Amino acid sequence: MDKVIRRRSAEPGQCDFPPGLHPLLQRIYAGRGISAAADLERELSALLQPADLLGIGPATALLERAVREDLRVLIIGDYDADGATSTALAVSALRACGARNVGYLVPNRFEYGYGLTPEVVELAAAANPDVLVTVDNGISSIEGVAEANRRGMQVLVTDHHLPGETLPDAAAIVNPNQPGCGFAARSTAGVGVIFYVMAALRTRLRENDWFAETRIPEPRMAEFLDLVALGTVADVVPLERNNRILVWHGLRRIRAGQARPGVLALLEVAGRDPARCVASDLGFFAGPRLNAAGRIDDMSHGVECLLAETPAEARRLAEHLHTLNGERREIEAGMLVQAEQLVEALAGDLSGTDLPLAVSLYDPSWHQGVIGILASRIKERLFRPVIAFAPAAEGSAELKGSGRSIPGFHLRDSLARIDAAHPGLIRRFGGHAMAAGLTLEADRFETFRDLFAEDARQSMDDRVPRGEILSDGELGASDFSLEVAALLREAGPWGQAFPEPLFDGEFEVLDQRTVGERHLKLSVAAGAGAAPLDAIAFNPDLERWRDGASRARLAYRLDINRYRGRESVQLVVEHLEAL
């Protein structure tokens, strides 16, 4: 689909920024809705307090009793990066607080699906736990919590997903999105929620003299922020101020070499230097390797990597995850070709002009663990909501769907509307505005496909969405420097809803060549007589790019290229148009 470049509106003169802030950063921050110095605060003292979370008192009372009475605690995790980091954090923090009977269970997605189901409770019962703690799941586990209660287990639900009309009958629930919760940072990831719970538990134990009585060293919660940063960025939650503070301090620990061996190993096997780590390294390199365990095999491999105590053990596990990620990429590539063929069959091409406003795709050969990535890839190409489906298991009559949406269309709300109007069509669903999952019978796919498209048509008032590239405007000639590139790099952390600065402008194309399989390497100049600049476009649509063009409009990020010890400015091109 063709995209248009639109420049952000920014009026930095009306903002109360810190004195001496670079004018370019003033413009960038203003374009992201930042208007005061307090919005840029990154000190831990500026974090929201755990006391603002509804349910934090009952949650920490239950955990304190578990610690003091040596109750058997089992962490029930999710099989993505947020779930894995949440699980590792919960296990590590409870043990650091003195809990001696802590284990974890991450249900295999291919056998048990998502969340605390009755089947997962039955599986957990083998460990004879007294307390179940869900992380990054549980808010919709009505039946699973009921089964746990029936078996005499107490359940603490910690989650961040949107709740349904009914909450589970748990001993305690901590979720910033549950009704009545006054916690301002509703976009906190699952790993952020359990971090807050563990921080509140640490405070409660200190106030009740636990550490003084037992002489257990009081854990420093900052030591868990590498996990919080990784899970938060990998889960693509909005980086509002509270999340930015958490991620920033996690990145500082990683850069200082103070992260746990597993996080460092995930970066190293991906070829990233932990000492120069930025949020995008977590999102595009460490996160996918951690996610690969849950997508292809079993997320327990990922959790064990994060819990590894020695660099050697962490490296061994990280290399296994790296191999799994390679397998995931191969599977994804084949599925993407098939998905493009399905889209072409629907509309004749990939422009999306004649497609419904929301697209559902299914092939019986698709891998359940990769459909979320596939939906994201197709969504980016079509710029409309996409749900990809795969068989729940080999020979199963049930389908699992994973969807990704666009700004302005709330995906979970759409599923809720369809479920309310057609009870029984969707067996289970959950998620967020931008990502959601569901389960339905295979013979109901066409019915769902049509209803999903109709719901989108009504929600969007029949308007065909248009892909936009939001730019921070042009850079001046003096801004193409290592100093400015470094300034932008350190001004984040950048991520979802707080995007890395992107600029646009017209350039002379001095040279161009294809590198690798599909990457375009350019040498460009910002104007007549300007110094040449290196530029690279990863996986551009080469069929739409006019080879030999002498001028182009680029949308790009200003980056630093390091090669053989030498640093130079490089434009990372997100969009290019021949002029």
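For clarity, every value in this text was computed on a predicted model and none was experimentally measured. (Residues numbered from 1 in each chain as written. Predicted model: local features only at pLDDT ≥ 70, side-chain atom pairs only at ≥ 80, totals over all residues. Heavy atoms only, no water.)

(A) Layout of the sheet that holds strand β5 (residues 154-158). Spatially, β3-β2-β4-β5-β6 is the arrangement adopted by the five strands of the open sheet, whose pairing is parallel. Taken across any chain shown, the strands that pair with only one partner, and hence form the sheet edges, are β3 (102-105) and β6 (172-174). The mean angle between the axes of side-by-side strands here comes to 20 degrees, regardless of whether they run parallel or antiparallel. By the bridge criterion, four bridges tie strand β2 (residues 73-76) to strand β4 (residues 131-135) in an arrangement that is parallel. From the neighbouring strand, I75 faces β4, where its bridge partner is V133. Helix α7 (residues 190-207) contacts β4, β5 and β6 of the sheet and is inclined by roughly 120 degrees relative to β5. (Pairing = 2+ DSSP bridges. Helix = DSSP H or I, 4+ residues; strand = E, 2+ residues; numbered from the N terminus. Axes fitted to C-alpha atoms, helices over the stretch in contact; angles between N-to-C directions. Contact = heavy atoms within 4.5 Å.)

(B) Region of interest: the pairing of β5. When you tally the buried positions in β5, you get four out of five residues, the bulk of the element. The pairing of β4 with β5 spans five bridges and is classified as parallel. Bridged to V131 within β5 is Q154. For the segment spanning β4, helix α6 (residues 142-150) and β5, crossover handedness is right-handed. In terms of strand pairing, β5 meets β6 through three bridges, oriented parallel. (Buried < 20%, exposed > 50% of the residue type's maximum accessible area, 1.4 Å probe, protein only. Right-handed = clockwise from strand over helix to strand, strands pointing away.)

(C) View of unusual backbone geometry. Of note, the bond from G492 into P493 is cis; its omega dihedral lies within 30 degrees of zero at 10 degrees. Relative to the helices and strands, P493 resides in the loop between α18 (482-490) and β13 (503-515). For V236, which is not glycine, the phi dihedral falls at a positive 55 degrees. Mapped onto the elements of the fold, V236 is located in the loop between α9 (225-234) and α10 (241-255). Despite not being glycine, N539 has its phi angle at roughly 55 degrees, a positive value. Turning to its location among the elements, N539 is positioned in the loop between β15 (533-537) and β16 (551-563).

(D) Region of the structure containing the environment of L24. Examined against the element boundaries, L24 turns out to sit in helix α1 (residues 23-31). Given the relative accessible area of 6%, L24 is considered buried. Along the sequence, L24 and D479 sit 455 residues apart, while their C-alpha atoms lie 8.8 Å from each other. Excluding residues that lie within four positions of it along the chain, L24 makes contacts with L475, V484, L488 and F503.

(E) Highlighting the environment of Y112. In this structure, Y112 sits in helix α4 (residues 109-112). The class of Y112 is partly exposed, set by a relative accessible area of 27%. With eleven residues separating them along the chain, Y112 and L123 place their C-alpha atoms 9.7 Å apart. Beyond its immediate stretch of four places on either side in the chain, Y112 contacts P107, T117, E119, V120 and L123.

(F) Region of the structure containing the sheet that holds strand β7 (residues 359-362). Sheet architecture is open: five strands sit in the order β7-β8-β9-β11-β10, paired in mixed fashion. The open sheet has two edge strands with one neighbour each: β7 and β10 (426-431). Shown here is a sheet whose adjacent strand axes are inclined to one another by a mean of 20 degrees, direction ignored. Bridging between strand β8 (residues 386-391) and strand β9 (residues 398-404) involves six bridges; their strand directions are antiparallel.

(G) Focus on the packing of aromatic side chains. In this structure the tally under the stated criterion is 15 aromatic pairs. Judged by centre distance (5.6 Å) and plane angle (15 degrees), the rings of F448 and F452 are stacked. Taken as a pair, F448 and F452 lie in helix α17 (residues 445-459) at a separation of four residues, close to a single helical turn. This pair shows no difference in class: F448 is buried, exactly as F452 is. An aromatic cluster is defined as three or more aromatic residues linked by ring pairs; in this entry it consists of Y362, F389, F409, F445, F448 and F452. Directly above the ring of W248 sits R42, whose terminal nitrogen or CZ lies 3.6 Å from the centroid. R244 extends its terminal NZ or CZ atom over the ring of F498, reaching a point 4.0 Å from the ring centre. (Phe/Tyr/Trp six-rings, centres within 6.5 Å; stacked < 30°, edge-to-face > 60°. Lys NZ or Arg CZ within 6 Å of the ring centre and 35° of its normal.)

(H) How the structure looks around the packing of helix α16 (residues 411-421) against α17. Following both chains from N to C, one finds α16 and α17 inclined at 120 degrees, their axes separated by 10 Å at the closest point. Seen from above, α16 lies across α17 with right-handed handedness. Together, L411, S414, L415, R417 and I418 of α16 and F448, L451, F452, D455 and S459 of α17 make up the contact between the two elements. Among the residues making up the contact of α16 with α17, the classes are represented as six nonpolar, two polar and two charged. (Left-handed = near helix turned anticlockwise from the far one by under 90°. Nonpolar A, V, L, I, M, F, W, Y, C, P; charged D, E, K, R; others polar.)

(I) Just the nonpolar core, in detail. With 147 residues, the main nonpolar core has L89, L94, M198 and L282 as its most contacted residues. Sort the elements by how many residues they give to this core and α7 lands first, with eleven residues. In this structure L94 touches L63, V67, V73, I75, A99, V102, M198 and L201, once residues within four positions along its chain are discounted. (Core = buried A, V, L, I, M, F, W, Y, C linked by side-chain atoms within 4.5 Å.)

(J) Spotlight on the pattern of salt bridges. For the coordinates displayed, the defined rule picks out 40 salt bridges. As a salt-bridge pair, R8 and D472 come within 3.6 Å of each other at their nearest N and O atoms. With R8 in the loop between β1 (3-7) and α1 and D472 in the loop between β12 (467-471) and α18, the pair connects residues that are 464 residues apart, well separated along the chain. Residue classification places D472 among the buried positions, given a relative accessible area of 7%. (Salt bridge = Lys/Arg side-chain N within 4 Å of Asp/Glu carboxyl O.)

(K) Layout of the environment of Y114. Within the secondary structure, Y114 is located in the loop between α4 and α5 (118-124). By relative accessible area, which is 33% here, Y114 ends up partly exposed. The spatial distance from the C-alpha of Y114 to the C-alpha of G138 is 9.1 Å, given a sequence separation of 24 residues. Excluding residues within four positions of it along the chain, Y114 makes contact with D78, Y79, D136, N137, D159 and H161.

(L) Up close: α7. Compared with the 26 Å implied by 1.5 Å per residue over 18 residues, the 26 Å span of α7 between its first and last C-alpha is a close match. In terms of burial, α7 is largely enclosed, as 14 of its 18 residues are buried. Count one or two residues on from α7 and you reach D209, which has phi positive near 65 degrees. (Expected span 1.5 Å × (residues − 1).)

These figures capture arrangement, not role.
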